[in-house]
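# Report on the structure
For reference, the chains in residue letters:
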Amino acid sequence: MSYVDEVYSMVVEKNPAQPEFHQAVKEVLESLRVVIEQNETAYRRDALIERIVTPERQLLFRVPWVDDQGQVQVNNAFRVQFNGAIGPYKGGIRLHPSVNLGIIKFLGFEQTFKNSLTGLPIGGGKGGADFDPKGKSDREVMAFCQSFMTELYKYIGADTDVPAGDIGTGAREIGYMFGQYKRIRGVYEGVFTGKGLSYGGSLARKEATGFGLLYFTAEMLRANGIELSGKKVAVSGSGNVAIYATQKAQELGAKVITVSDSNGYISDPEGIDVALLKEVKEVKRARLTEYAAARPSAQYHEGRGVWTVKCDVALPCATQNELLIEDAKALVANGCMAVAEGANMPTTMEATEYLQANKVLFAPGKAANAGGVATSALEMSQNSERLSWSFEEVDNKLKGIMVNIFCNLDQAAKKYGMAGNYVAGANIAGFLKVAEAMTAQGVI
Ligand code: NDP
Ligand code: 2IT
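Now for a description of the structure that goes with this document. Every value quoted in this text rests on a predicted model; they were computed, and no experiment measured them.

It is worth spelling out the nonpolar core at this point. Counting 62 residues, the largest nonpolar core has F216, Y291, L315 and I405 as its most contacted members. Per element, the largest residue contribution to this core is nine residues, and it comes from helix α8 (residues 205-223). Excluding its chain neighbours within four sequence positions, the residues that come into contact with F216 are A363, A367, A368, M402, I405, F406 and L409. Core analysis: the second largest hydrophobic core is formed by 39 residues, V7, V53, A85 and L107 among them.

If you want it as structure tokens, here you go:
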């Protein structure tokens, strides 16, 4: 058995019932096969691949809190400090009923390579809990966040592990978590990113993942002789990433014709009204049916099906494994020319392979959505120097970072004989830096 296959079998055996983690490891190791084979003797001796697929530390804890009826509730929470070779652990907190250890491990593993691709000094981590903020009162959300942080504070810090937002964790949750950390530790430090602007947040962090996705997509299209302007774009999701992806796509001259949530999707041939979408989602925390009710050109469709709407560019921005093989077939049949992942691992491996085989340009999430965490690293820099930069300054840096990521993975793919395979390029470029740092730091 090859070294890659041995390590993959070991991962499946040692981490039973964690399909998302197996999937993320498989995709990365498959792309690294050629690199690993070239360095097999050294990597085997150092057990480098075994170490890179094994989290440095995994924290599991319970979070008790009291609901509005006086009933005690208990959630399971996690923080996985996956790889600290190139900087403090960095990655978001996911609050969603589906959260389990395997999902947090897949996200922490992906984050390690993504953070490396940004070119900034941040290691990989991820956390979360099976708590659902939807339908909870602000007081209940605060009770959960304070209890969560009362345990997690022991393991994080501005130079050790810096959490941020992800699904279900937005400005409100970050505020409550940051406040509780500060109260317990008695230090005012940049322990969280995505903070509010009045207490150490960075301008453009809220927009960064969606904006960065579009800077990356525009660059990938340009490198292939295609202009984004004038294109029809299908977006899935209607949260932080989807909203700012929609806004930037339209600013760049494209027309976004769909958004979705876990119940259904909107098709809006006139182009999504971003101000209305923000009002429904960010202010009212309401469902997309309210968007449709307020917009005559929009139609609401129950269920999945967002990828059946004819588009030139597809941007999955909701969650993992939301773009399946039948969706990939529908996109290809409708003439879609590019798919760029705003979410983490939204496309199944089968669907990815089908898209690539049919010459659809495919940008993997660990490159295309890296603008969020990159801007988080810029927030950390601003906190360290106790200064805040202007929106334009942060946005320009973000643009530069996304263009740079595209160039690096394009070159890596070409260097290893896989020109145009941006999945391989991202995995290889992300891996090489982490592998070099791990090798230099010895057996730890
Ligand atoms: P939000 O919580 O703001 O929004 C999530 C969106 O995805 C909602 O529209 C939600 O719909 C939908 N969604 C969530 N779970 C499911 C599901 N199981 N099936 C269908 N739809 C679902 O999260 P974000 O926008 O922050 O995150 C979206 C994706 O982007 C995630 O994969 C996240 O890991 C990734 N990401 C986020 C970054 C960030 O900076 N926030 C950075 C990089 C990647 P509903 O309201 O019905 O639940
Ligand atoms: O998946 C991700 O990159 C995020 N949720 C953002 C992480 C961060 O630390 O900003």
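Read on for the rest.
It helps to recall that an α-helix has 3.6 residues per turn; residues three or four apart then point in one direction. In a regular helix each residue adds 1.5 Å, so twelve residues correspond to 16 Å; helix α1 (residues 3-14) covers 16 Å between its end C-alpha atoms and thus fits that length. Looking at α1, one finds that the buried residues are Y3, V4, V7 and V11. Projected down its long axis, α1 carries its buried residues within an arc of 105 degrees, all on one side. Elements that come into contact with the buried residues of α1 comprise α2 (19-38), α3 (40-45) and α4 (48-52).

Turning next to the site of ligand 2. With respect to spatial proximity, 14 residues lie near ligand 2, and among them K90, K114, D166, R205 and S376 are the closest. Within the side chain of K90, an N or O atom sits 2.7 Å from an oxygen atom of ligand 2. At 3.0 Å from an oxygen atom of ligand 2 is found a side-chain nitrogen or oxygen belonging to Q111. With the chains in place, 94% of the 300 Å² that ligand 2 exposes on its own is no longer accessible. Among the elements of the structure, β3 (89-95), α5 (101-117) and α15 (371-385) are those that each provide at least two residues to the shell around ligand 2. Residue composition of the shell around ligand 2, by class: two nonpolar, seven polar and five charged.

Where α8 meets helix α9 (residues 240-251), the axes come as close as 7 Å, and the angle between the chain directions of the two elements is 50 degrees. Put simply, α8 runs oblique to α9. Considering how the two elements wind past one another, α8 and α9 form a crossing that is right-handed. Here α8 contributes K206, E207, T209, G210, F211, L213, L214 and Y215 to the contact with α9, which in turn contributes N240, V241, Y244, A245, Q247, K248, A249 and E251. For the contact of α8 with α9, the per-class residue count stands at eight nonpolar, four polar and four charged.

Quick look at the site of ligand 1 now. D166, T209, S262, R287 and N344 are the nearest of the 25 residues found near ligand 1. D166 places a polar side-chain atom, nitrogen or oxygen, 2.7 Å from an oxygen atom of ligand 1. Between an oxygen atom of ligand 1 and a main-chain N or O atom of V241, the distance comes to 2.9 Å. A total of 890 Å² of accessible area belongs to ligand 1 in isolation, and the protein chains cover 83% of it. Broken down by secondary-structure element, the contributors of at least two residues to the shell around ligand 1 are α8 and α9. Among the residues making up the shell around ligand 1, the classes are represented as five nonpolar, 13 polar and seven charged.

Side chains that carry opposite charge are capable of pairing whenever their charged atoms lie near each other. Evaluation of the coordinates by the stated rule reveals 26 salt bridges. Note that E110 is salt-bridged to K366, the shortest N-O span being 3.3 Å. Taken together, the positions of E110 in helix α5 and K366 in helix α14 (residues 365-368) put the pair 256 residues apart, joining distant regions of the chain. By the burial criterion, E110 is buried, and K366 matches it. Residues joined by salt bridges that share partners form a network here, namely D5, K26, E30 and R33.

So, on to the sheet that holds strand β9 (residues 299-302). What the seven strands build is an open sheet, ordered β9-β8-β7-β6-β10-β11-β12; its pairing is mixed. Edge positions in the sheet fall to β9 and β12 (361-363), since each of these pairs with one other strand and no more. With direction set aside, neighbouring strand axes in the sheet form an average angle of 15 degrees. For strand β8 (residues 264-267) and β9, the ladder comprises four bridges, and the chain directions are antiparallel. By the bridge assignment, Y265 is partnered in β9 with H301.

Looking now at the packing of aromatic side chains. For the coordinates displayed, the defined rule picks out 15 aromatic pairs. When the centroid spacing of 5.5 Å and the interplanar angle of 70 degrees are considered together, the rings of F178 and Y188 count as edge-to-face. Highlighted residues: F178 in helix α7 (residues 171-185) and Y188 in the loop between α7 and α8, separated in sequence by ten residues. Through pairs of rings, three or more aromatic residues link up here, namely F61, W65, F131, F144 and F148.

Cut-offs used in this document
Residues numbered from 1 in each chain as written. Chains lettered and ligands numbered in written order. Predicted model: local features only at pLDDT ≥ 70, side-chain atom pairs only at ≥ 80, totals over all residues. Heavy atoms only, no water. Core = buried A, V, L, I, M, F, W, Y, C linked by side-chain atoms within 4.5 Å. Buried < 20%, exposed > 50% of the residue type's maximum accessible area, 1.4 Å probe, protein only. Helix = DSSP H or I, 4+ residues; strand = E, 2+ residues; numbered from the N terminus. Contact = heavy atoms within 4.5 Å. Expected span 1.5 Å × (residues − 1). Arc of directions from axis to C-beta. Near = heavy atom within 4 Å. Polar contact = N/O pair within 3.5 Å; in protein donor to acceptor, adjacent residues only side chain to side chain. Areas by Shrake-Rupley, 256 points an atom, 1.4 Å probe, with all protein chains shown as cover. Nonpolar A, V, L, I, M, F, W, Y, C, P; charged D, E, K, R; others polar. Axes fitted to C-alpha atoms, helices over the stretch in contact; angles between N-to-C directions. Parallel < 35°, antiparallel > 145°, perpendicular 65-115°, else oblique. Left-handed = near helix turned anticlockwise from the far one by under 90°. Salt bridge = Lys/Arg side-chain N within 4 Å of Asp/Glu carboxyl O. Pairing = 2+ DSSP bridges. Phe/Tyr/Trp six-rings, centres within 6.5 Å; stacked < 30°, edge-to-face > 60°.

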